[in-house]
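Commentary on secondary and tertiary structure
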Amino acid sequence: MVKRTYLSIIFNTEGERPSEIIARLQSLGFSPITGSRDLVYEWGDHATVADAISLIDRVHATLGGYNVLFTAETIDER
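Thresholds applied
Residues numbered from 1 in each chain as written. Predicted model: local features only at pLDDT ≥ 70, side-chain atom pairs only at ≥ 80, totals over all residues. Heavy atoms only, no water. Pairing = 2+ DSSP bridges. Helix = DSSP H or I, 4+ residues; strand = E, 2+ residues; numbered from the N terminus. Phe/Tyr/Trp six-rings, centres within 6.5 Å; stacked < 30°, edge-to-face > 60°. Lys NZ or Arg CZ within 6 Å of the ring centre and 35° of its normal. Buried < 20%, exposed > 50% of the residue type's maximum accessible area, 1.4 Å probe, protein only.

Focus on the pairing of strand β3 (residues 39–42)
Within a regular beta strand, the side chains point alternately toward one face of the sheet and then the other, so they alternate between its two faces. By the bridge criterion, four bridges tie strand β1 (residues 2–10) to β3 in an arrangement that is antiparallel. The partner of Tyr6 across the bridge, within β3, is Val40. When strand β2 (residues 31–32) meets β3, the two strands line up antiparallel, connected through two bridges. From the neighbouring strand, Pro32 faces β3, where its bridge partner is Leu39. Between β2 and the antiparallel strand that follows it, β3, lie six residues; Gly35 among them carries a positive phi value of about 120°.

Description of the packing of aromatic side chains
Counted according to the given criterion, the structure contains two aromatic pairs. Among the aromatic residues, those joined into a ring-pair cluster are Phe30, Tyr41 and Trp43. Of note, Arg37 hangs over the ring of Tyr6, and the distance from its end group to the ring centre comes to 4.1 Å.

Points about unusual backbone geometry
Excluding glycine, residues mostly carry a negative phi; peptide bonds, for their part, are mostly trans. For Asn67, which is not a glycine, the phi torsion comes out positive at approximately 60°. Tracing the backbone shows Asn67 in the loop between α2 (49–63) and β4 (69–77). Relative accessible area serves as the criterion here: at 40%, Asn67 is assigned to the partly exposed category.

Structure follows, in structure tokens:
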């Protein structure tokens, strides 16, 4: 089973450029994807809920002041 964290971003025209936001998230290990979500973070086999919470804390800190909203979902997939 593989654990993944998906992010969806809501950009604001008064905020930072989308390309800058994506670049900052890529620096955390996220990859852009197509579909209903914008980015994915692929975990190793032994990621915990605490690991996912820590990652989302880092996303929050990274996007602070950039005037964007995000949602996160971490799921186990086969």
